[in-house]
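The chain contents come next:
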Amino acid sequence: MTQENKALFIIFGGTGDLAKRKLYPSLFRLFRKGAIGKHFAVIGTARREWTNDHFREVVTESIEELNPTPKEIDSFTSHFYYQAHNVTNTEEYVTLEKLASELNEEYQLEGNRIFYLAMAPSFFGTIAQHIKSEHILSDDGFNRLIIEKPFGTDYKTAKELNDSISAAFTEDQIFRIDHYLGKEMVQNISAIRFGNNIFESLWNHHYIDNVQITLAESLGVEERGGYYDKSGALKDMVQNHILQVVALLAMEPPTIFSDRAIRTEKINALESIRIYNEEEVKENFVRGQYSSGHLGKNNFVGYHDEKDVDPSSSTETFVAGKFMIDTFRWSGVPFYIRTGKRLTEKGTRINIVFKPTPINVFRASTQSEELPENILTIYIQPTEGFSLTLNGKEVGPGFAVDPVKLNYRHSSETLENSPEAYEKLLLDCLKGDATNFTHWDEVAASWKIVDIIRQTWDKETGAIPTYPARTMGPKESFDLLEKDGRSWVWEPDQWYREKELL
Ligand SMILES: NC(=O)C1=CN([C@@H]2O[C@H](COP(=O)(O)OP(=O)(O)OC[C@H]3O[C@@H](n4cnc5c(N)ncnc54)[C@H](OP(=O)(O)O)[C@@H]3O)[C@@H](O)[C@H]2O)C=CC1
Ligand SMILES: O=C1O[C@H](COP(=O)(O)O)[C@@H](O)[C@H](O)[C@H]1O
């Protein structure tokens, strides 16, 4: 049976996109499942002068897709309150505290408070400091701060931000969101590794040749051109999501599956990633920007023509690179990563490529010195599951050996019932479980890794490579693996080319 949790959520940026698209629907799913019920309340705050009624209408709209009954809408939205509040005005926090105390009494929330910073990062420090100085922290119950990405723009600014929030909250009260850690199959990485001896015993440089991580998006920058043009793919995706996935794949087994033990191992893994010098960055990392392109009959504009993007921008919309991890386990094993916008299709997947057998005893019939590699693929989205490519004998005379795929995908019913990332992360926070949030040491290590890449690129003045929209990135990304005698396992362009769409 689901246990009810008690808390007051104070959402800074309550009128914003993230709150409407992710937070309110996730709270509703938790409400439906009974994880929150009678004893919860939400205060939405932003500068706009909304009434409680208007706020409740907005919340109702945001959960429309979940087909709530009128009774569900009434009982859920009745817990929502709006307080107009400019976070830079110290006096206004007094009104906020008054409302928070009243709701604490009315809903018997036992002093539990979750502060969600769904606002531009430039406000994070100010809000955290005001929460402390204006006594919004509750004296009984728990106080937890959920903080959105981006956490700083480089190591220096991230440290400044961390110092300012740490003046108000202790590390175990801070929940830094990386929504990839809420994804079912990202969480499944640990289950696959530590729950299966056939994998964990092979999970090292003796048996693994290389690891490939792809976070591909078919969408462009959409409405976020202003933000994205200042950020780029390196800071938007590599510093956080990709390095978190690398850490989960590379970390040593924890002694027990607890947030503390996992964090320790993830920090060790991140701190073992080689920090390149400028020459090594040039050798091991490439970037690209999408130009106009088409897929079938659909045409797509280039990045320079996107809304709120500087037409002469050299911001990268694609990154591919090779990380090396300096531990006994991973010595010599490259972790190839790539991510980009306007790629051929949306797809997040991990390919673990195993070393081939030492000799190919079937070489007479396969006419090749090596057998195809075994590959474990973890499909993170849009489908969820895994596959394992093995070599088997082709049916019939002779001894032709061909790869066969053992395939497991979650059913559509499982997918439908599987909780959304934000829902899981909100529930974890209610329970005080920080396993799927990032510790400051992880953030710090990740920034140190990407800072040198950014600095190297910032010194380059020439045009950056381009790729046509809806293809799998610039030529340089393919060359990166080719010079190591390898290639990307996942090559959706091939499929589209066969269908004559590219
Ligand atoms: N949207 C998304 O999909 C994602 C967002 N994020 C992160 O989440 C955070 C929020 O993003 P998003 O919702 O898109 O941003 P929006 O621009 O949609 O929302 C910003 C919110 O801040 C409020 N606000 C701005 N200035 C003030 C102020 N001085 N005092 C009080 N409230 C203020 C705005 O309301 P008002 O104008 O009424 O004051 C609004 O509610 C950002 O850190 C972003 O990087 C992370 C991942 C995905
Ligand atoms: O954090 C971000 O992630 C999204 C991609 O998330 P996904 O869950 O759809 O894979 C990305 O579009 C956005 O630019 C970035 O800020």
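About the thresholds
- Residues numbered from 1 in each chain as written.
- Chains lettered and ligands numbered in written order.
- Predicted model: local features only at pLDDT ≥ 70, side-chain atom pairs only at ≥ 80, totals over all residues.
- Heavy atoms only, no water.
- 1 Å grid on protein atoms, 1.4 Å probe; cavity = no way out; pocket = protein on both sides within 12 Å on 5 of 7 lines; lining within 4 Å.
- Points joined across faces, edges and corners; volume = space filled by probe spheres on them.
- Helix = DSSP H or I, 4+ residues; strand = E, 2+ residues; numbered from the N terminus.
- Nonpolar A, V, L, I, M, F, W, Y, C, P; charged D, E, K, R; others polar.
- Phe/Tyr/Trp six-rings, centres within 6.5 Å; stacked < 30°, edge-to-face > 60°.
- Buried < 20%, exposed > 50% of the residue type's maximum accessible area, 1.4 Å probe, protein only.
- Salt bridge = Lys/Arg side-chain N within 4 Å of Asp/Glu carboxyl O.
- Expected span 1.5 Å × (residues − 1).
- Bend = angle between axes of the 7 residues up to and from the residue.
- Near = heavy atom within 4 Å.
- Polar contact = N/O pair within 3.5 Å; in protein donor to acceptor, adjacent residues only side chain to side chain.
- Areas by Shrake-Rupley, 256 points an atom, 1.4 Å probe, with all protein chains shown as cover.
- Domains from an automatic or database assignment.
- Contact = heavy atoms within 4.5 Å.
- Buried area = accessible area lost by both parts, 1.4 Å probe.
- Pairing = 2+ DSSP bridges.
- Axes fitted to C-alpha atoms, helices over the stretch in contact; angles between N-to-C directions.

**Observations regarding empty space enclosed by the protein**
In total, this model carries 1 cavity of 30 Å³ or more according to the counting rule given. Its volume calculated, the largest cavity comes out at about 180 Å³. Lining of the largest cavity is provided by 19 residues; of these, Phe151, Gln239, Asn240, Thr438 and Val443 occupy positions nearest its centre. Those elements giving two or more residues to the lining of the largest cavity turn out to be helix H9 (225–250) and helix H15 (440–459). Examining the composition of the lining of the largest cavity, we find that 5 residues originate from one element, H9, more than from any other. In terms of residue class, the lining of the largest cavity is made up of 6 nonpolar, 7 polar and 6 charged.

**Observations concerning the packing of aromatic side chains**
Per the counting criterion, the structure on display carries 29 aromatic pairs. Taking the centre distance of 5.4 Å and the plane angle of 35° together, the rings of Trp50 and Tyr82 count as tilted. Taken together, the positions of Trp50 in the loop between strand E2 (36–46) and helix H2 (52–62) and Tyr82 in strand E3 (residues 80–84) put the pair 32 residues apart, joining distant regions of the chain. On the basis of relative accessible area, Trp50 is assigned to the buried category, the value being 16%.

**Quick word on the pattern of salt bridges**
In total, this model carries 29 salt bridges according to the counting rule given. With a shortest N-O distance of 2.9 Å, Arg113 and Glu97 are connected by a salt bridge. Here Glu97 lies in helix H4 (residues 92–106) and Arg113 lies in strand E4 (residues 113–117), a separation of 16 residues in the sequence. Here the two residues Arg113 and Glu97 agree in accessibility, since each one is buried. The residue Arg454 makes a salt bridge to Asp458 at a minimum N-O spacing of 3.1 Å. One end of the pair is Arg454 and the other is Asp458, both in helix H15 and 4 residues apart, which spans about a single turn. Judged by its relative accessible area of 51%, Asp458 is exposed. In this structure, a network of salt bridges that share partners links the residues Arg193, Glu200, Glu252 and Arg329.

**Description of helix H1 (residues 17–32)**
Side chains that are three or four residues apart share a direction in an α-helix, a result of its 3.6 residues per turn. In this model, H1 (16 residues) spans 22 Å end to end at C-alpha, consistent with the 22 Å of a helix rising 1.5 Å per residue. At Leu23, H1 shows its maximal kink, close to 30°; a proline, Pro25, follows between one and four residues later. Turning to H1, its buried residues are Leu18, Ala19, Leu23, Tyr24, Pro25, Ser26, Leu27, Phe28, Leu30 and Phe31.

**Details of the site of ligand 1**
Taken together, 20 residues sit near ligand 1, with Thr15, Asp17, Arg21, Arg47 and Arg48 positioned nearest. At 2.5 Å, a side-chain N or O of Arg21 approaches an oxygen atom of ligand 1. Residue Val87 places a main-chain N or O atom 3.1 Å away from a nitrogen atom belonging to ligand 1. Protein contact buries 80% of the 890 Å² of open area that ligand 1 shows by itself. Considering each element in turn, the shell around ligand 1 owes the most residues, 3 residues, to H1.

**Remarks on the domain arrangement of the protein chain**
You can read the domains of the protein chain as domain 1 (7–148) and domain 2 (181–355 + 374–389 + 407–498). Between the C-alpha centres of domain 1 and domain 2 there is a distance of 32 Å. Across the boundary between the two partners, domain 1 contributes 18 residues, which contact 11 residues of domain 2. Of the roughly 1200 Å² buried where domain 1 meets domain 2, counting both sides, 70% is carbon and sulfur surface. Viewed at the interface, domain 2 and domain 1 are joined by 3 salt bridges. For Arg29, the salt bridge is made with Glu423, and the minimal N-O distance between the two is 3.9 Å. In this structure, the connection of domain 1 to domain 2 is made through 6 residue pairs in polar contact (both at pLDDT 80 or more).

**As for the layout of surface pockets**
Of the volumes computed, that of the second largest pocket is approximately 250 Å³. In terms of lining residues, the second largest pocket is bounded by Glu171, Asp172, Ile174, Phe175, Asp259, Arg260, Arg263, Thr264, Ile267, Gly432, Ala434 and His439. Of all elements in the fold, only strand E6 (174–176) and helix H10 (259–271) reach the threshold of two or more residues within the lining of the second largest pocket. Among the elements that take part in the lining of the second largest pocket, H10 stands out by supplying 5 residues, more than any other. Per-class residue counts for the lining of the second largest pocket are 4 nonpolar, 3 polar and 5 charged.

**Focus on the sheet that holds strand E11 (residues 318–323)**
If you trace the 9 strands from one edge of the open sheet to the other, you get E16-E15-E14-E13-E7-E12-E11-E8-E17, paired in mixed fashion. For this open sheet the edge positions go to strand E16 (401–409) and strand E17 (466–468), each flanked by a neighbour on one side alone. Averaged over all pairs of adjacent strands, the angle between strand axes in this sheet comes to 20°, irrespective of strand direction. As paired strands, strand E7 (residues 208–216) and strand E13 (residues 347–354) are joined by 8 bridges and run antiparallel to one another. By the bridge assignment for E13, Ala216 is matched with Gly347. Strands in contact with H9 are E7, E11, strand E12 (335–340) and E13; relative to E12, the strand with the most contacts, it is inclined by about 145°. Helix-sheet contacts for H15 involve strand E8 (285–291) and E11, and the interaxial angle to E8 is about 60°.

**Quick notes on the environment of Asn112**
With respect to the helices, strands and loops of the structure, Asn112 is situated in the loop between H4 and E4. It is 6.1 Å that separates the C-alpha atoms of Asn112 and Asn143, two residues lying 31 residues apart in sequence.

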